[in-house]
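# Breakdown of the fold
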Amino acid sequence: MLNDRTSLLSLLESRRSGKPRELVGPGPTAEEMERILAIAARTPDHGKLAPWRFITVAGDQRDTLEAVLQEALSEENPDATAGHREKEHEFAHYSGQLVVIVSAPVPDHKIPVWEQELSCGAAGMNLLIAAHALGYVAGWVTGWRAYSEHVRNAFCEPGERIAGFIFIGHAARELEERERRPPLEAVHKSWRPRDL
Ligand SMILES: Cc1cc2nc3c(=O)[nH]c(=O)nc-3n(C[C@H](O)[C@H](O)[C@H](O)COP(=O)(O)O)c2cc1C
C-alpha cells in the first residue's frame, strides 16, 4: 500500500502538461480511454448531476473537425490569412487522442451553476491525472475555438459550453517544468478572522 501511495504522490508532485501541438502518437488504446474516462467521471459533483460530458474525436474524424474549425474561422474572421487557416489544419490534426470536455450544467437547480462548472473543471483535472498515470502526456487548451458559437454547436447541446480540448499522447522530448509555480506562501495563508 505504501508503495502505491508513494507513487501516487510522486505522480501528483511531478505531473505536468504537454503542449498539444508538440505531442506525438499513439494515443491511448480503446481500453485505456475507457479507463481514463471512467476515472474522469468519478469526480466530486454536488447533487450527483454529472454536469459534464466527454466527447472523443476519432482519428478519422479529424478532417471533419478541421472543416468545422475552418467554417468557424470564416464566420468569425473573414480576413483570416492563409497562416490562420493552416493553424486550424494543424490543430485539427494534432497527434494523439482528442477529448472535448463539455460543461453541461443543469439550469434552475438548487445546486448553483457555479458549483456545477467547478465540478467540470475537476473532471478535466481527473482526466489529465488518469492519462498521466497510464504513462501518457496530456494538455488542455481552450482558445477562440472553445468560445466560438459555430464550434460549440458542433459539440454541445443548448446551454452547454466547451470547457476545453484535451489531447492525450506522448512527449517527443522531455517535458520542461513550467517557468514558474506559485510559491506556497502566495496562495496559502492561515485564516486570521477580521476584527468585528
Ligand atoms: C481551462 C484551461 C484552459 C487552458 N487553455 C490553454 C490554452 O488555450 N492554451 C495553452 O497554451 N494552454 C492552455 N491551458 C494550459 C495551461 O496554460 C498550461 O499548459 C498548464 O497550466 C500547465 O500546467 P501543468 O504543467 O501543471 O499541467 C489551459 C488550462 C486550463 C485549465
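Our subject is the structure listed above.
Described below are features of the structure shown in this document. Just so you know, these numbers come straight off a predicted model, no measurement behind them.

Moving on: the packing of helix α2 (residues 30-40) against helix α5 (residues 113-133). Running from N to C, α2 and α5 cross one another at 145 degrees; their axes reach a closest spacing of 8 Å. As α2 packs across α5, the resulting crossing turns out to be right-handed. Residues I36, L37, I39 and A40 of α2 lie in contact with α5, whose contacting residues are A123, N126, L127, A130 and A131. Residues that form the contact of α2 with α5 fall into these classes: eight nonpolar, one polar and no charged.

There is about 440 Å³ of room inside the largest pocket. Lining the largest pocket are 18 residues, and of these S17, G18, K19, L175 and E176 lie nearest its centre. Per-class residue counts for the lining of the largest pocket are six nonpolar, two polar and ten charged. What the second largest pocket holds in volume is close to 340 Å³. Taken together, 16 residues make up the lining of the second largest pocket; nearest its centre are P20, R21, F91, Y94 and V141. Of all the elements in the fold, those that place two or more residues in the lining of the second largest pocket are α4 (82-92) and β4 (137-141).

Cut-offs applied
Residues numbered from 1 in each chain as written. Predicted model: local features only at pLDDT ≥ 70, side-chain atom pairs only at ≥ 80, totals over all residues. Heavy atoms only, no water. Axes fitted to C-alpha atoms, helices over the stretch in contact; angles between N-to-C directions. Helix = DSSP H or I, 4+ residues; strand = E, 2+ residues; numbered from the N terminus. Left-handed = near helix turned anticlockwise from the far one by under 90°. Contact = heavy atoms within 4.5 Å. Nonpolar A, V, L, I, M, F, W, Y, C, P; charged D, E, K, R; others polar. 1 Å grid on protein atoms, 1.4 Å probe; cavity = no way out; pocket = protein on both sides within 12 Å on 5 of 7 lines; lining within 4 Å. Points joined across faces, edges and corners; volume = space filled by probe spheres on them.

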